[in-house]
Amino acid sequence: MRNLALLALPIAMAAAPAFAQDATGTVDIDGSVAGRCLFTVPNETISLGEMALGGADTNAGKLDASKVNGRSATLKGWCNNAAAGMTVKAFALENTAAAATGFTNRVDFTATATANSVAATDTTTTDLAGDTATVGLFTGDVVVDLSDADAGNALLVAGTYNGSVEVTLSPMFMPPV
């Protein structure tokens, strides 16, 4: 009888339910952030004051370049993309009054913007923006410096002169191949 019970044991074990088994499912989560650049301080003003040399010599009335050169303003911005770029477009200081022979109503200069230890430059003597500089991922100051002021050694026409510098931050700059 005992032998019969031992023979029946494997059959009973085969008919018994299997032990419970753990199973794991996974929920994947994804999202994205678009490449962006933003100026948090987008505008500043550089007031040059009187731009002409005083006095009574042959230089009186001509551009005092020291009034322009070395002047700067600080914008603040950021880019969240490692491929971000920055360009600069400088617009000459101009007076709307007509300029007779020997006079000028235009002061040209070079503008350099520096962000993330990278500089982009443009001069007012060209119509296009300067070359794009890769600034990459950064947040902080964008310092705009003026230099190389020139009025062609002419006398400046009296009146108000207005110019500007546009700095553009682009999140998806692709360098030329």
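Refer to the structure above for everything that follows.
A few points on the structure. Computed from a predicted model, the values in this text were never measured in an experiment.

About the thresholds
- Residues numbered from 1 in each chain as written.
- Predicted model: local features only at pLDDT ≥ 70, side-chain atom pairs only at ≥ 80, totals over all residues.
- Heavy atoms only, no water.
- Helix = DSSP H or I, 4+ residues; strand = E, 2+ residues; numbered from the N terminus.
- Buried < 20%, exposed > 50% of the residue type's maximum accessible area, 1.4 Å probe, protein only.
- 1 Å grid on protein atoms, 1.4 Å probe; cavity = no way out; pocket = protein on both sides within 12 Å on 5 of 7 lines; lining within 4 Å.
- Points joined across faces, edges and corners; volume = space filled by probe spheres on them.
- Nonpolar A, V, L, I, M, F, W, Y, C, P; charged D, E, K, R; others polar.

A few points about unusual backbone geometry
Look at Asn116: it is not a glycine, yet its phi comes out positive at around 55 degrees. If you trace the backbone, Asn116 turns up in the loop between β5 (106-115) and β6 (118-123). By relative accessible area, Asn116 is classed as partly exposed at 39%. One non-glycine residue, Ser117, lies in the positive phi region at around 65 degrees. With respect to the helices and strands, the residue Ser117 is situated in the loop between β5 and β6. Given the relative accessible area of 79%, Ser117 is considered exposed.

Re the layout of surface pockets
Looking at the largest pocket, its volume works out to about 640 Å³. Along the walls of the largest pocket sit 29 residues, with Thr45, Ile46, Leu93, Gly163 and Ser164 positioned nearest its centre. Elements represented by at least two residues in the lining of the largest pocket include exactly β2 (72-79), β8 (138-150) and β10 (162-170). Among the residues forming the lining of the largest pocket, the class breakdown is 18 nonpolar, 8 polar and 3 charged.

Everything listed here is a matter of coordinates, which is why it stays silent on function.
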